Amino acid sequence: MTPLRRLAFIGNSLPRRCGIATFTTDLQQAIATSRQDLDTRIVAMTDPGQIYDYPSSVALQIRDDNIEEYARAADFLNAGRFDVVCLQHEFGIFGGEAGAHILTLLSRLTVPVVTTLHTVLAKPTAVQRAVLNGIVEASSKIVVMAEKARDLLRSLYHVPDEKIEVIAHGIPDVAFSGPDAAKAKLGFVGKPVILTFGLLSPNKGIEVMIDAMPSILKRRPNAVYVVLGATHPNLVRDQGEAYRASLIARVREAGVEEHVVFLDRFVDQATLLEFISMCDVYVTPYLNEAQMTSGTLAYSFGVGRPVVSTPYWHAHELLADGRGVLVPFGDAAATGHEIAQLLTDDARRDAICRRAYAVSRTMTWERAAERYVSVFENARQGHWLKVVARSNIAAPESRSPAAPDVQIAHFLAMCDDTGLFQHAVHSVPDRLHGYCVDDNARALLLACALNNPGEQRLPEILTTRFAAFVQHAWNPDTRRFRNFMGFNRTWLEGSGSEDSHGRTLWALGECARRDANPSRRRWAAALFAEALPTAESFHSPRAWAFTLLGLDAYCAMAPHDLHAREVQLFLAGRLMSILASVETPEWVWFEEGLAYDNARLPQALMVTGMATQTPDYVDAGLRSLRWLMTQQTAPAGHFRPIGTAGFGEQRQNPRAFDQQPLEATATVAACLTAWRAEGDAEWKAMATRVFAWFLGSNDLSVALVDPHTGSCRDGLHPDRANENRGGESVLSYLLSLAEIRQLARVNTSQTPPVALRAVGT
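Summarised in this report is the structure supplied together with it. (Residues numbered from 1 in each chain as written. Predicted model: local features only at pLDDT ≥ 70, side-chain atom pairs only at ≥ 80, totals over all residues. Heavy atoms only, no water.)

1. What to know about helix α3 (residues 101–108)
For α3, every residue scored as buried is listed here: His101, Ile102, Leu105 and Leu106. Burial along α3 is one-sided: seen end-on, the buried residues are contained in an arc of 145°. Contact partners of the buried residues in α3: β1 (6–11), β2 (39–46), α2 (67–79), β4 (84–89), β5 (113–117) and α4 (126–138). (Buried < 20%, exposed > 50% of the residue type's maximum accessible area, 1.4 Å probe, protein only. Helix = DSSP H or I, 4+ residues; strand = E, 2+ residues; numbered from the N terminus. Arc of directions from axis to C-beta. Contact = heavy atoms within 4.5 Å.)

Written out as structure tokens, the structure is:
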């Protein structure tokens, strides 16, 4: 697919003056600045009969009440070969009942649409719901600016989670500063300034702030409340300036004429930032909880001003955890009290300022632009796949990318004379977090895997170090393996987790069977036998599974160890028992939820069933793995591992993100085990598809590996890959690569041995 070249933004009238128009222009300019190779254009809705003086990036202006012009706009966008259209939606800016005219435009588009919803209504009318449902249906992705909006879309509008992206409202990237310089420029020297900015309308709660001023003045007699902004154009059209006049009258009645300043004007962004910079407290006393976003709130927060606000949805999220102050709706007394408290407590006010500024750095327009571009590219890829699927032309047979050569440069860089580091910052080993037995056990598994014919073995000194780490991790006093070690070689715990103990047993079992060094094989077998009894008391199903994988290897080379055989059947029986207690026709799994290393559970049952000639184990493993694959396959057909965001949820569809390499590795191994158990070549195809996730066949079409160094990114976020390349990730990739390369050496015409199947299956 060709790179992203042309973007169109659909916004509304009054550029740089109304919230949606300002957002549209700022986003368009931020993307154009960050990606100068992109051609970005705006399609703007205007009031009937009026054409505004837009910047040169505006490609088309249409009257919002003329449905024919919506159709022509769609034709214009299709003919212009735009790659993606980004719709900025708010009820009231498009023509027709509840803005239904926009559906005419969307229904004609042949390019993917990404819609940013500035409002998600909790109690929509029937028409509003129908319009929003139509927009969602026509859009490849939906962007919202608050988690509350995501929750409403999922629960009330039944929008799939994978279709929703949360991207915070963008803010200008300005330096942190105090208010004095701006006060001097704007004529407010020596005065504590409270500011509200925005188009005046009755839902802004200005009346509440006016009523609060007398109590504020008792503690700060020279305080000034500045109300910056013109009256909303719709209000002026219907009522003239009657509303502004009523506010001025209220000020006179309260006797605070000298302390309330109305500045009736539009301001450009530079001037707005000066006004925000000069205030000591920014206030948004809005009266309606159901306000999903506020650009003025985001801007003041991003400049580092302390905000006092009513708890409408956006403010409730943004100002939580001490990042601002929340007051009840319509409560003048509470509002006055909190503002007076801030104006008389310089230390607290400064602390809130600095905290808000620090937190807001992830919200700058540069960061927002990066996330939007990623969403655009993802939407375009998904749209293209749907077009191919609908096409009458037969698609060419899909071919997975060829498995690369094994490169271990990054893996070697992650090792020192103690063992393998846990984490990295980008590709640089991170000594801060030291080591763990989990990763060094996996490294021992890799050493065994690279003993396969046709592979280059790891240097002997490295395998020895991994074995030495495992030996040092064994704590004979607790009969457990320690897990975490600091960079100073000090153990951080007396005993590790059940899972880390099970994973170490797995590595020891494989080392006992497959290590190139006979002496090390004997060492591994002895330590395995010593550490195995502890696993009998474990409660973690994954610890059982890891132990069973180790037992499969250990028992193959120590067939006369009757205790090991007993433990093998005991742990397999426990997996079978929990599967029987949880499984339903719709939920074929061992637990109420899905977590990490999921595929190891069915893999463990299958290898145990084949080793012990127990068909029920094999069938249970195959059945649960088939179901798991339905949960881990995206609609487009590529592998989508269980996302970490869904860990802990019970009997829910899995979350798409964050996606971890560990899941791909477990699934590759389980699918190849299923192929060896059942003989169905489709399992080989599945394993290859899963491995392709590493190489870019994933939700973001982003390769996680660098084939030249063998490094692997730590996972996929909703908008990007995690650039850190830690020990677990590089081992996950290399272990899967070794399995896929071994598969390629197998004669594809040769059917593997098939395990015993239960009678009647």
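Structure's up, so let's keep going.
2. Observations concerning the side chain of histidine 169
Inspection of the secondary structure assignment puts histidine 169 in the loop between β7 (164–166) and α6 (180–186). In contact with histidine 169, not counting residues within four places along its chain, are Phe23, Met145, Gly295, Ala298, Tyr299, Met363 and Trp365.

3. Re the sheet that holds strand β11 (residues 281–284)
With parallel pairing, six strands are arranged side by side in an open sheet as β10-β9-β8-β11-β12-β13. Strands at the two margins of the open sheet, each flanked by one partner only, are β10 (260–263) and β13 (325–326). Alignment of strand β8 (residues 193–197) against strand β9 (residues 224–228), held across five bridges, turns out to be parallel. Following the sheet pairing, phenylalanine 197 is matched in β9 by leucine 228. Contacting β8, β11, β12 (307–309) and β13, helix α13 (residues 332–343) crosses the sheet at an angle of about 165° to β11. (Pairing = 2+ DSSP bridges. Axes fitted to C-alpha atoms, helices over the stretch in contact; angles between N-to-C directions.)

4. With respect to the pairing of strand β6 (residues 141–144)
Where burial is concerned, the two faces of β6 agree: the one with Lys141 and Val143 and the one with Ile142 and Val144 are both buried. Bridge count between β6 and β7: three bridges; the pairing is parallel. Its bridge partner being in β7, valine 143 is matched across the sheet by glutamate 165. At this point the chain moves from β6, through helix α5 (residues 147–155), to the parallel β7, and the crossover so formed is right-handed. (Right-handed = clockwise from strand over helix to strand, strands pointing away.)

5. As for the pattern of salt bridges
Where side chains of opposite charge bring their charged atoms close, a pairing between them can arise. In the structure shown here, the tally under the stated rule is 49 salt bridges. Linking arginine 380 and aspartate 83 is a salt bridge whose minimum nitrogen-to-oxygen distance equals 3.6 Å. In this pair, arginine 380 sits in helix α15 (residues 365–390) while aspartate 83 sits in the loop between α2 and β4, placing the two residues 297 residues apart along the sequence. Each of Arg5, Arg35, Asp37 and Glu377 takes part in a single network of salt bridges with overlapping partners. (Salt bridge = Lys/Arg side-chain N within 4 Å of Asp/Glu carboxyl O.)

6. A word on helix α23 (residues 600–612)
Look at α23: 18 Å from first C-alpha to last across 13 residues, which is about the 18 Å you get at 1.5 Å a residue. Counting buried residues in α23 gives ten out of 13 residues, a clear majority hidden from the surface. Within α23, burial applies to Arg600, Leu601, Pro602, Gln603, Ala604, Leu605, Met606, Val607, Thr608 and Gly609. Looking at the packing, one finds that the buried side of α23 touches α19 (498–514), α21 (541–557), α22 (562–582), α24 (615–631) and α25 (661–678). At the C-terminal side of α23, glutamine 613 shows a positive phi close to 55°. (Expected span 1.5 Å × (residues − 1).)

7. Describing the environment of glycine 710
Its location among the elements puts glycine 710 in the loop between β19 (705–706) and β20 (711–712). With 122 residues separating them in the primary sequence, glycine 710 and valine 588 have C-alpha atoms 36 Å apart. Among all residues touching glycine 710, those that are not within four sequence positions of it are Gln407, His410, Val730, Tyr733 and Leu734.

8. Let's talk about the packing of aromatic side chains
In this structure the tally under the stated criterion is 22 aromatic pairs. Note on phenylalanine 9 and phenylalanine 376: the rings are 6.3 Å apart at their centroids and 70° apart in plane angle, and the pair reads as edge-to-face. Placement of the pair is phenylalanine 9 in strand β1 and phenylalanine 376 in helix α15, with a sequence separation of 367 residues. Neither residue differs from the other here; phenylalanine 9 and phenylalanine 376 are each classed as buried. Among the aromatic residues, those joined into a ring-pair cluster are Phe421, Tyr435, Phe469, Phe487 and Trp491. For arginine 361, the ring lying beneath its charged end belongs to tyrosine 357, and the centroid distance is 3.8 Å. Across the ring face of tyrosine 596, the terminal group of arginine 542 is positioned such that the distance to the ring centre comes to 5.2 Å. (Phe/Tyr/Trp six-rings, centres within 6.5 Å; stacked < 30°, edge-to-face > 60°. Lys NZ or Arg CZ within 6 Å of the ring centre and 35° of its normal.)

9. With respect to the packing of helix α11 (residues 295–303) against helix α14 (residues 346–359)
Interhelical geometry of α11 versus α14 gives an angle of 110° and a closest axis separation of 6 Å. On the basis of the axis angle, α11 is roughly perpendicular to α14. Of α14, the residues touching α11 (which contributes Phe301, Gly302 and Val303) are Ala356, Tyr357 and Val359. Across the contact of α11 with α14, the residue classes break down as five nonpolar, one polar and no charged. (Parallel < 35°, antiparallel > 145°, perpendicular 65-115°, else oblique. Nonpolar A, V, L, I, M, F, W, Y, C, P; charged D, E, K, R; others polar.)

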